[in-house]
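An overview of the molecular structure
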Amino acid sequence: MPATHETRMLIIGSGPAGLTAAIYAARAGMQPIVVQGMQPGGQLTITTDVENYPGFRDVIQGPWLMEEMQAQAEHVGTRMIWDQIVDVDLSQRPFRAVGDGGDTYVADTLVIATGAQAKWLGVPGEVELGGKGVSACATCDGFFYRGKKVVVIGGGNTAVEEALYLTNHSEDVTLIHRRDSLRAEKILQDRLHANPRISVIWNKRVDRFVGGEGAAGLVGVDLIDTVTGEASHIATDGAFVAIGHKPSTELFVGKLAMDSEGYLLVEAGTPKTAIPGVFAAGDVADKIYRQAVTAAGLGCMAALDAERFLAHEAFASASAA
Ligand code: NDP
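What this report covers is the structure whose coordinates are included nearby. (Residues numbered from 1 in each chain as written. Predicted model: local features only at pLDDT ≥ 70, side-chain atom pairs only at ≥ 80, totals over all residues. Heavy atoms only, no water.)

**Quick word on the site of the ligand**
As a reminder of what qualifies: Distances are taken per atom, and a residue is near a molecule or strand as soon as one of its heavy atoms is within 4 Å of it. The definition of a polar contact used here is a pair of N or O atoms within 3.5 Å, where within protein one atom must be able to donate a hydrogen and the other to accept one, and adjacent residues in sequence count solely through side-chain atom pairs. In this description, accessible areas are obtained by the Shrake-Rupley approach with a 1.4 Å probe, and a residue is regarded as covered only by the protein chains that are shown. Following the grouping adopted for this structure description, the nonpolar residues are Ala, Val, Leu, Ile, Met, Phe, Trp, Tyr, Cys and Pro, the charged ones are Asp, Glu, Lys and Arg, and the polar ones are all others, Gly among them.
Neighbouring residues of the ligand: 17 residues in total, closest T158, E161, R178, R179 and R183. In this structure, E161 approaches the ligand through a side-chain N or O atom, which is 2.8 Å from a nitrogen atom. Alone, the ligand offers 900 Å² of accessible surface; in the complex the protein occludes 77% of this. Within the shell around the ligand, the residues separate by chemical class into three nonpolar, seven polar and seven charged.

**Some remarks on the packing of helix α1 (residues 16-27) against helix α6 (residues 292-320)**
Rules: Inter-axis angles, ranging from 0 to 180 degrees, are taken between N-to-C directions of lines fitted to C-alpha atoms, where helices are fitted over the stretch in contact. Only runs of H or I of at least four residues qualify as helices and only runs of E of at least two qualify as strands under DSSP, and these elements are numbered from the N terminus. Handedness of a crossing follows from how the near helix is turned relative to the far one, being left-handed for an anticlockwise turn of less than a right angle and right-handed for a clockwise one. Here, two residues are considered to be in contact whenever any of their heavy atoms come within 4.5 Å of each other.
Taken N-terminus to C-terminus, the directions of α1 and α6 make an angle of 40 degrees; their axes are 7 Å apart at the nearest point. Between α1 and α6 the crossing geometry is right-handed. Between α1 and α6, the residues in contact are P16, A17, T20, A21, Y24 and A25 and A292, A295, A296, G299, C300, A303 and L304, respectively. Considering only residue class, the contact of α1 with α6 consists of eleven nonpolar, two polar and no charged.

**Structural notes on the state of the cysteines**
Put simply, the rule reads: Two cysteine sulfur atoms form a disulfide, by the criterion used here, when they sit within 2.5 Å. Exposed residues in this analysis have more than 50% of their type's maximum accessible area, buried residues have under 20%, and partly exposed residues fall in between, with area computed by a 1.4 Å probe over protein chains only.
This model, assessed by the stated rule, comprises one disulfide. In this model, C137 is linked to C140 through a disulfide, with the two sulfur atoms separated by 2.0 Å. On the sign convention where negative means left-handed, the S-S torsion of about 75 degrees between C137 and C140 marks this disulfide as right-handed. On the accessibility criterion, C140 (25% relative accessible area) is partly exposed.

**Comments concerning the packing of aromatic side chains**
Under the convention used in this document: Here a pair means two rings of Phe, Tyr or Trp (six-membered ring of Trp) with centres within 6.5 Å. Their orientation is stacked below 30 degrees between planes, edge-to-face above 60, and tilted elsewhere.
Going through the model one piece at a time under the given rule, you end up with four aromatic pairs. Here the aromatic rings of Y53 and F56 are separated by 6.5 Å at their centres, their planes lie at 35 degrees, and the arrangement is tilted. For Y53, a relative accessible area of 17% corresponds to the buried category. For F56, a relative accessible area of 33% gives the class partly exposed. Ring centres 5.6 Å apart and planes at 80 degrees place the aromatic pair Y145 and F240 in the edge-to-face group. Within this pair, whereas Y145 is found in the loop between α3 (138-141) and β11 (149-153), its partner F240 is found in strand β17 (residues 238-241), the two being separated by 95 residues in sequence. Taking relative accessible area as the criterion, F240 reaches 0% and is therefore assigned buried.

**With respect to the sheet that holds strand β12 (residues 172-176)**
Put simply, the rule reads: Two strands make a pair as long as DSSP finds a minimum of two bridges between them.
Pairing is parallel in the open sheet, where five strands are placed in the order β10-β17-β11-β12-β13. Looking at strand neighbours, the two that pair on one side only are β10 (134-135) and β13 (198-201), the edges of this open sheet. Relative to β12, β11 runs parallel, the two sharing five bridges. Pairing of K149 across the sheet is with D172, part of β12. Here helix α4 (residues 157-166) sits on the sheet in contact with β11, β12, β13 and β17, set at roughly 170 degrees to β11.

**Here's the deal with α1**
Our working definition: Under the convention used throughout, the expected extent of a helix is 1.5 Å for every residue step, that is, one less than its residue count.
The terminal C-alpha atoms of α1 lie 16 Å apart, and with twelve residues this matches the ideal 16 Å at 1.5 Å per residue to within 8%. Burial analysis of α1 places ten of its twelve residues in the buried class, the great majority of the element. When we look at burial in α1, the residues that qualify are P16, A17, G18, L19, T20, A21, A22, I23, A25 and A26. For α1, the elements touching its buried residues are β1 (4-12), β2 (33-35), α2 (62-75), β5 (79-81), β8 (104-112) and α6. One or two positions beyond α1, positive phi appears at G29, with a value near 80 degrees.

**Some remarks on the sheet that holds strand β14 (residues 204-211)**
Sheet architecture is open: three strands sit in the order β14-β15-β16, paired in antiparallel fashion. Whereas interior strands pair on both sides, the edge strands pair on one side only; in this sheet they are β14 and β16 (231-235). Between one strand and the next, the sheet's axes are offset by a mean angle of 25 degrees, whatever the strand orientation. Sheet analysis places strand β15 (residues 218-225) next to β16, joined by five bridges and oriented antiparallel. From the neighbouring strand, D222 faces β16, where its bridge partner is H233.

In structure tokens:
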């Protein structure tokens, strides 16, 4: 039988942004509820080694980090609910959300931390070699290719930034793009072309990621020329797919302002959306930084702002009485 859950703060999403918001809100006595969504723990649960989350001298595992964050959130009083929100009503307060199984969530404030997903090419070998040479995050995995040969696929800002970043680790970086011009900003293009460690292959699309014998990871990428149709192969140790991200914002279409790519719009430097009491934190509203630590920081900001919002409201109604 469907239940109704009331809370001072509903958090949708259980990645670093959502769980950090929960930790702060719980410690402020807001008894938050986190609705975990389809991928509890978020994108970090599909990565392996994490070396850039502060506080850990040794390499840690992404899934482990998220388990710890969840345990910490629960320890301080967060209620985790395994559900998927399928509808929200932000037209009046308290806000209402409806879960997949029919449960209703009634909340004084809402933190949207639904994250984003890297787009993948959908070609053979991509899933099988994921984490074994094929990655969608150079900042996360680039370090493991120190002194090795890597390729980056894509022609936008992300691809160019990833290629430039990878030159910190590799002297042999190849950008593979399906057209003969990049859509990245000119300043990034200039940096790319000026970097002697980077070469560009134009007009090629990836046909297949090729693994080595047995348990060996990626050894190369089969390519097709998008103009002539000619097939070719490039040997590589690592391939970074950088063809964009898709924020998980379908629920909020027509309800909250978004940019042309679907990222939620917030007041600059804050997680505040245009609706008072509704906050957006993490990759769902950040297409620039997209790091676990920045998402966690934004989650913290959302919880602090929500707490202040409720305190201000309580003060205003007490003064009016
Ligand atoms: P973009 O959508 O800008 O670029 C995606 C790139 O991937 C394009 O070059 C596109 O090719 C290529 N691509 C898409 N699908 C395929 C496919 N199936 N096969 C091969 N190539 C494909 O995504 P980004 O992630 O680069 O950027 C997203 C947004 O974030 C942009 O607004 C960007 O400006 C912003 N951003 C800003 C940064 C900054 O300011 N520092 C850093 C990173 C991102 P084609 O060009 O042919 O369409």
